[in-house]
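So you can see what is in the structure, the chains are spelled out below.
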Amino acid sequence: KPRRLPDDPDGFRTVVRENGADGVHTYRIPGLATSQKGTLVAVFDVRNKSSADLPGDIDVGMMRSVDDGVTWEAMRRIIDFDSAVEGSQGNGVGDPAILVDQRTGRIIVAALWSMGPRAWNGSGPGLSPEETGQLVLVTSDDDGLTWSKPRSITAQVKQPEWRLCFNGPGNGIQLRDGTLIFPAQ
């Protein structure tokens, strides 16, 4: 429920996710965008079993609000790799960033997928999930109601000799000419 901020009579604060909600240990790394239809779309790490970073059992969650953040739909996992895969160390994906293409209405979420120990410290040269973390994208063309399967764009954006290339969490931007940009490191 929205709460008025004590030092700003015109501002409100809404807690969208609290640790422990839906049996999840920790929620972190938020991103927020407004769709062409005015829907607020929030994305975040769903750190299922602990607050630790990748690798681990982490998914990307999403919630929508169609009333300017007064109420929010139930949390849904929009990127969730099978944590039971042998040797995957949770098969986690996290650090989401969100962007709305204002020309098409498509919503894009970028994230880092760590198959096994392929997060910040375990990634190395190469392009495959067995060698390095993967920069993956999911998209929605219906205002965040449904989402595509994750698609790795690692081979398009990472030099094979680099240890890791992944998006900066939070939000991307769109330039005046329509170019879509996610910051990356």
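Above this note sits the structure.
Along each chain, numbering runs from 1 in the same order as the chain's sequence is written. Local features in this predicted model are restricted to residues of pLDDT 70 or higher, and side-chain atom pairs are both shown and tallied only at a pLDDT of 80 or more, whereas totals for entire chains, interfaces and linings draw on every residue. Side-chain descriptors were evaluated using all non-hydrogen atoms of the structure, hydrogens and water having been removed beforehand.

Asks: What exactly am I supposed to notice about the overall build of the protein chain here?
Replies: Segments assigned H or I by DSSP are reported as helices when at least four residues long, segments assigned E as strands when at least two residues long, and all are numbered from the N terminus. Scanning the protein chain from terminus to terminus reveals one helix and 13 strands. Secondary structure elements in the protein chain, listed N-terminal to C-terminal, are β-β-β-β-β-β-β-β-β-β-α-β-β-β. As defined in this context, the radius of gyration uses C-alpha atoms, and a globule is described by 2.2 Å times the residue total to the power 0.38. The C-alpha atoms of the protein chain give 17 Å as radius of gyration, which agrees with the globular expectation for 185 residues (16 Å, within 12%). A principal-axis box enclosing the C-alpha atoms of the protein chain has dimensions of 50 × 40 × 30 Å. Here the protein chain holds 185 residues, and 46% of them are scored as buried. Contacts in the protein chain between residues at least 24 apart in sequence constitute 51% of all its contacts with a sequence separation of at least 6. In these tables, accessible area is a Shrake-Rupley quantity obtained with a 1.4 Å probe, and a residue counts as shielded only by the protein chains included in the view. As displayed, the protein chain has an accessible area near 9700 Å², and 52% of this comes from carbon and sulfur atoms. A residue counts as positive if it is Lys or Arg and as negative if it is Asp or Glu; His and the chain ends are not included. Every charge is mapped onto a representative atom, which is NZ of Lys, CZ of Arg, CG of Asp or CD of Glu. Between the mean site of the 20 positive side-chain charges and the mean site of the 24 negative ones, the protein chain shows a separation of 1 Å. Classification of residues uses two cut-offs on accessible area relative to the type maximum, computed with a 1.4 Å probe and protein chains only: under 20% is buried, over 50% is exposed, and between them is partly exposed. Contact between two residues is taken to exist if any of their heavy atoms lie within 4.5 Å; hydrogens are not considered.

Asks: Quick question: what am I supposed to make of the sheet that holds strand β4 (residues 40-47) here?
Replies: By definition, the strands of a sheet pair up through backbone hydrogen bonds, in either a parallel or an antiparallel sense. Strands are treated as partners if at least two bridges between them are detected by DSSP. The strand order β3-β4-β5-β6 describes an open sheet built from four strands, whose pairing is antiparallel. The sheet terminates laterally at β3 (26-34) and β6 (76-79), the two strands that pair on one side only. Direction aside, neighbouring strands of the sheet carry axes that sit 35 degrees apart on average. Working convention: axes come from line fits to C-alpha atoms, limited for helices to the stretch in contact. Angles between N-to-C directions cover 0 to 180 degrees.

Asks: What exactly am I supposed to notice about the environment of Leu137 here?
Replies: Within the secondary structure layout, Leu137 lies in strand β9 (residues 134-140). Judged by relative accessible area, which is 13%, Leu137 ranks as buried. Residues Leu137 and Ser148, eleven residues apart in the sequence, show an inter-C-alpha distance of 8.6 Å. Ignoring sequence-local partners within four residues, the contact set of Leu137 consists of Ile108, Val109, Ala110, Lys149, Pro150, Arg151, Ile153 and Phe182.

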